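# Descriptive structure summary
Spelled out, the chains give:
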Amino acid sequence: MIEMDCKITLSNGDAGVFTSDGTCEITQNGFVLVYTLDGDGCVLTYDGSSLKQERRGETPMTLVFKENAVTECTLGGDGLIGSFAVYTRRLKAVCGDGGASVSLLYECAGETVSLEITADKK
């Protein structure tokens, strides 16, 4: 396993570009990114076939992406939990000594979302 400090960039087209400092751990089958976004703690885990995004804060959220599959987004906590379906059209992830990157195209709540995530070694 390799662990490094990284600059995390999330680019969501129309919604904008967000950056954060974080860490990237390269694992046997993928990677784990840990970062903060808008004050919330976030963990992005890729296991070689699926991507899990967890956000902890005022409204906790867990999203799972698996290419060509319907998965789920779960929102809330403390007994107030809701969910909705997510269909992932594209999931491409790569990682190495310099960090990791993810390219996602998914549909949820009637919208199509394109998301690019990079973790560049500092």
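Rules of the game
- Residues numbered from 1 in each chain as written.
- Predicted model: local features only at pLDDT ≥ 70, side-chain atom pairs only at ≥ 80, totals over all residues.
- Heavy atoms only, no water.
- Salt bridge = Lys/Arg side-chain N within 4 Å of Asp/Glu carboxyl O.
- Helix = DSSP H or I, 4+ residues; strand = E, 2+ residues; numbered from the N terminus.
- Buried < 20%, exposed > 50% of the residue type's maximum accessible area, 1.4 Å probe, protein only.
- Core = buried A, V, L, I, M, F, W, Y, C linked by side-chain atoms within 4.5 Å.
- Contact = heavy atoms within 4.5 Å.
- Phe/Tyr/Trp six-rings, centres within 6.5 Å; stacked < 30°, edge-to-face > 60°.
- Pairing = 2+ DSSP bridges.

### Section: the pattern of salt bridges
Scanning all chains against the criterion turns up seven salt bridges. The partner of aspartate 21 in a salt bridge is lysine 122, with the nearest N and O atoms 2.9 Å apart. Of the two residues, aspartate 21 is situated in strand β2 (residues 17–26) and lysine 122 in the segment after β10 (111–121); the sequence distance between them amounts to 101 residues. Overall, the relative accessible area of 52% leaves aspartate 21 in the exposed class. Using a relative accessible area of 60% as the deciding quantity, one classes lysine 122 as exposed. Of the charged contacts, one joins aspartate 40 and arginine 55 as a salt bridge, the two residues approaching to 2.9 Å between their closest N and O atoms. Here aspartate 40, found in strand β4 (residues 40–46), pairs with arginine 55, found in strand β5 (residues 50–56); they are 15 residues apart in sequence, far enough to count as distant. When sorted by exposure, aspartate 40 lands in the same class as arginine 55, which is buried.

### Section: the nonpolar core
With 30 residues, the main nonpolar core has Cys24, Phe31 and Leu33 as its most contacted residues. Here this core takes five residues from strand β9 (residues 99–108), the largest share from any one element. Residues contacting cysteine 24, with those up to four places away along its chain left out, are Ile2, Glu3, Met4, Cys6, Phe31, Val32, Leu33, Gly99, Ala100 and Ala119.

### Considerations on the side chain of threonine 9
With respect to the secondary-structure elements, threonine 9 resides in strand β1 (residues 2–11). Relative accessible area serves as the criterion here: at 17%, threonine 9 is assigned to the buried category. Those residues in contact with threonine 9 that sit more than four places away from it in its chain are Val17, Phe18, Thr19, Glu116, Ile117 and Thr118.

### Some thoughts on the packing of aromatic side chains
In this description, an aromatic ring pair is defined by two values, namely the gap between the centres and the angle between the planes. Inspection of the entire model under this criterion finds two aromatic pairs. The interplanar angle of 55 degrees and the centroid separation of 4.8 Å between the aromatic rings of phenylalanine 65 and tyrosine 106 together place this pair among those described as tilted. Of this pair, phenylalanine 65 sits in strand β6 (residues 61–66) while tyrosine 106 sits in strand β9; the two residues are 41 residues apart in sequence, bridging distant segments of the chain. Considered together, phenylalanine 65 and tyrosine 106 belong to a single accessibility category, that of buried residues.

### With respect to the pairing of β6
Strand residues, when the strand is regular, have side chains that alternate between the two faces of the sheet. The sheet contact formed by β5 and β6 spans six bridges and is antiparallel. Looking across to β6, one finds that leucine 51 is bridged to phenylalanine 65. Bridging between β6 and strand β7 (residues 69–77) involves three bridges; their strand directions are antiparallel. Following the sheet pairing, methionine 61 is matched in β7 by leucine 75. In this antiparallel pair of consecutive strands, β6 and β7, the connection spans two residues, and asparagine 68 shows a positive phi of 60 degrees.

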